[in-house]
Amino acid sequence: QVQLVESGGGSVQPGGALNLSCAVSGIIFSMNAMGWYRQSPGKERAFVANIVPSGSTMYADSVKGRFTISRDNAQNTVYLQMNSLKPEDTAVYYCNANLNDWRGRRVYWGQGTQVTVSS
């Protein structure tokens with residue numbers, strides 16, 4: 001059974017930083033894109049960033065220049081370094097993994113980790 005376990009959320013003041021991580025465990029044949037999404041109260045889940053195995057990345061305009069996504073292919077882990085955090089970054093952050101397991105091509109999601117930016 002494939003599982004995604006996130007860590008690193010918490011509460012910070014505006015301008016602060018947090019580093020999220022998401023480790024994928026289980027029997028995986030191959031890992032494709034990995035990414036982060038976030039959901040604020042009353043809003044739909046929104047794309048934040050993703051990264052493919054080659055290292056190419058994409059970011060939402062709202063986080064460009066402040067957030068950095070990276071991955072460790074050997075450990076099937078994806079990270080999100082968040083700097084210069086703003087109150088509007090407050091949300092539950094979810095990681096996802098596009099991979100191939102015994103059932104074929106699948107998309108898995110983490111359980112979510114809360115990030116709160118407040119003075």
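Whatever comes next refers back to the structure up there.
The following refers to the structure shown. These figures come from a predicted structure and were not determined experimentally.

## So, the overall build of the protein chain
Logical step 1: Broken down by element type, the protein chain carries zero helices and 11 strands.
Logical step 2: Relative to the 2.2 N^0.38 estimate, which gives 14 Å for 119 residues, the radius of gyration of the protein chain is 14 Å and therefore close to what a compact globule would have.
Logical step 3: Considering only C-alpha atoms, the protein chain reaches an extent of 45 × 25 × 20 Å along its principal axes.
Logical step 4: Here the protein chain holds 119 residues, and the buried ones make up 39% of them.
Logical step 5: At a minimum sequence separation of 6, the contacts of the protein chain that also span at least 24 residues come to 54%.
Logical step 6: Total accessible area on the protein chain is roughly 6400 Å²; 48% of this is exposed by carbon and sulfur atoms.
Logical step 7: Side chains of the protein chain carry 10 positive and 7 negative charges; the gap between the two charge centres is 3 Å.

## As for the sheet that holds strand E8 (residues 77–82)
Logical step 1: Spatially, the four strands line up as an open sheet ordered E1-E3-E8-E7, and their pairing is antiparallel. Of all the strands in the sheet, just strand E1 (3–7) and strand E7 (67–72) have a single pairing partner and so form its edges. Across the sheet, the mean angle separating the axes of adjacent strands is 15 degrees when strand polarity is ignored.
Logical step 2: Examined bridge by bridge, E7 and E8 share six bridges and lie antiparallel to one another. In the strand pairing of E8, arginine 71 is matched with valine 78.

## Observations regarding the side chain of threonine 113
Logical step 1: Within the fold, threonine 113 resides in strand E11 (residues 113–117).
Logical step 2: A distance of 3.4 Å separates a polar side-chain atom of threonine 113 from the backbone nitrogen of glycine 9.
Logical step 3: Not counting residues up to four positions away in its chain, the partners in contact with threonine 113 are Glu6, Gly9, Leu20, Ala91, Val92 and Tyr93.

## Observations regarding the packing of aromatic side chains
Logical step 1: Counted according to the given criterion, the structure contains two aromatic pairs.
Logical step 2: Residues tyrosine 37 and phenylalanine 47 carry aromatic rings whose centres are separated by 5.6 Å and whose planes lie at 75 degrees to one another, so their mutual orientation is edge-to-face. Taken together, the residues tyrosine 37 in strand E4 (residues 30–39) and phenylalanine 47 in strand E5 (residues 46–51) connect sequence positions 10 residues apart.
Logical step 3: Residue classification places phenylalanine 47 among the partly exposed residues on the basis of a relative accessible area of 29%.
Logical step 4: Between tyrosine 37 and tryptophan 109, the aromatic rings sit 5.1 Å apart at their centres with planes inclined by 65 degrees, giving edge-to-face as the arrangement. Residue tyrosine 37 is located in strand E4, and its partner tryptophan 109 is located in strand E10 (residues 104–109); the two are separated by 72 residues in the primary sequence.

What counts as what
- Residues numbered from 1 in each chain as written.
- Predicted model: local features only at pLDDT ≥ 70, side-chain atom pairs only at ≥ 80, totals over all residues.
- Heavy atoms only, no water.
- Helix = DSSP H or I, 4+ residues; strand = E, 2+ residues; numbered from the N terminus.
- Rg over C-alpha atoms; globule rule 2.2 N^0.38 Å.
- Buried < 20%, exposed > 50% of the residue type's maximum accessible area, 1.4 Å probe, protein only.
- Contact = heavy atoms within 4.5 Å.
- Areas by Shrake-Rupley, 256 points an atom, 1.4 Å probe, with all protein chains shown as cover.
- Lys, Arg positive; Asp, Glu negative; His and termini not counted.
- Charge placed at Lys NZ, Arg CZ, Asp CG, Glu CD.
- Pairing = 2+ DSSP bridges.
- Axes fitted to C-alpha atoms, helices over the stretch in contact; angles between N-to-C directions.
- Polar contact = N/O pair within 3.5 Å; in protein donor to acceptor, adjacent residues only side chain to side chain.
- Phe/Tyr/Trp six-rings, centres within 6.5 Å; stacked < 30°, edge-to-face > 60°.

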